[in-house]
Amino acid sequence: MTKIIKVFLLLFSFLLLSAHDSYGNEHGDYNITNYNIANGLNTSRIFDSAQDSLGRMWFATSRGASVYDGYGWTNYDLLDNVNQSGFKEIIVDKKGLIWLAPLIATDYILVNHGFEWVKFSNPTGILDKTSLTTGFDVVYVNGKPVVTLTTNSQILVNIDGKWLAFDSSNSPVKGDIYGVTAFQEKFYLTTSTGLASIEFDKNLRPSIQTGLFGIKDPVLAIFIRQTESTSHRFFILSSKWMGILENNNMLQIDIPAKIDAMKQFPYYYIVVDKDERIYFGNKVTKYLYDNSDNSFHALDKDAELTSDGATSTLIDKENNIWFTDLRGVDKLTFHPFTNFTKKT
């Protein structure tokens, strides 16, 4: 009888080990770490992320900002009697300043110079006082910061402390505005009628161009990678396809499901890691495209992530992928020298 029990225990232990190995294989070649209130955040409602020159991860949250230094969290409660909704975008600019753009576009933009958060300005000229921020970014032109914030129907540009407001009545941009991305000394606008740009002359006068690269479909998000050539490489997300554009040559790839534009949830993203894997989606769905075998993989709850979609996606300097959502933060880390394996 004792021998039978021992055999049973050995068999049971073997099955447990086998189950553990199988679970790891189901994850494929990556680990997932979730951060939420239980392990240091003061809220699970996270809208955006950025990384500073020290490698610290910064997050825009419903209560202000949070920073993770690899060991623990520091949370900043930045709500006041005006801003009760939180902050949608966080940017680390080329000089290391950290910017926070509000969820409600009329609230104050904040900037951190390294010691404290101070009010920069709140956009003026917004037609709808309940407008949500759809995009925010900062460039330096002639050594001066130029700030652009977008809503669904307007472009707000701050130059030398003064706001300029553009909409369909005084600019060539028509349709909905999904976001803005800064690259070098230029802003790129993603819209329902294609891709547009804002450039500045030596006197900081803005010029808006539309119809870039001949794209007429909606452009939800872009990611720009600097290359040795002067053209650089654009990764473009539309509602039914994504594209890789370089030297005016576009490789267009159909995506497995439509990415809807949602005015109440203006979160769209496309990013690329060092292994040329592409991550894209919106608030309700997100995917990975592995160009080594031209395969798509849903990064959802079935793949053990916290949410099916995300509010933002960021690739850090160590090639980790950070997804933010209203349930916290997921960090996805690939094992070295391996490819993605879809969970079955």
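Look above for the structure.
Residues numbered from 1 in each chain as written. Predicted model: local features only at pLDDT ≥ 70, side-chain atom pairs only at ≥ 80, totals over all residues. Heavy atoms only, no water.

Moving on, we come to the sheet that holds strand 5 (residues 73-77). One open sheet accounts for 4 strands, arranged 2-3-4-5; its pairing is antiparallel. A single partner strand is all that each edge strand has here, and the edge strands are strand 2 (46-51) and strand 5. Going across the sheet, the axis of each strand differs from the next one's by a mean of 20 degrees, ignoring polarity. (Pairing = 2+ DSSP bridges. Helix = DSSP H or I, 4+ residues; strand = E, 2+ residues; numbered from the N terminus. Axes fitted to C-alpha atoms, helices over the stretch in contact; angles between N-to-C directions.)

Okay, the pairing of strand 2 next. The side chains of a regular strand alternate between both faces of the sheet. Burial runs high along strand 2: 6 of the 6 residues are buried. Both strand 2 and strand 3 (residues 57-61) contribute to a ladder of 5 bridges, which runs antiparallel. Across the sheet, isoleucine 46 pairs through a bridge with threonine 61, a residue of strand 3. Count of turn residues in the strand 2/strand 3 antiparallel hairpin: 5 residues, of which glycine 55 carries a positive phi of about 90 degrees. (Buried < 20%, exposed > 50% of the residue type's maximum accessible area, 1.4 Å probe, protein only.)

Its location among the elements puts phenylalanine 187 in strand 15 (residues 186-191). Distance from phenylalanine 187 to valine 147, taken between C-alpha atoms, is 9.6 Å for residues 40 residues apart in sequence.

A few words on the pattern of salt bridges. All chains considered together, the criterion is met by 15 salt bridges. Put simply, lysine 186 and glutamate 199 hold a salt bridge, and the shortest N to O gap is 3.7 Å. Within this pair, whereas lysine 186 is found in strand 15, its partner glutamate 199 is found in strand 16 (residues 194-200), the two being separated by 13 residues in sequence. By relative accessible area, which is 23% here, lysine 186 ends up partly exposed. Since its relative accessible area comes to 36%, glutamate 199 is described here as partly exposed. Its salt-bridge partner being aspartate 273, residue arginine 277 comes within 2.8 Å of it at the nearest N-O pair. For arginine 277, a relative accessible area of 3% translates into the label buried. A single network of salt bridges, built from pairs that share partners, joins Arg225, Arg233, Glu246 and Glu276. (Salt bridge = Lys/Arg side-chain N within 4 Å of Asp/Glu carboxyl O.)

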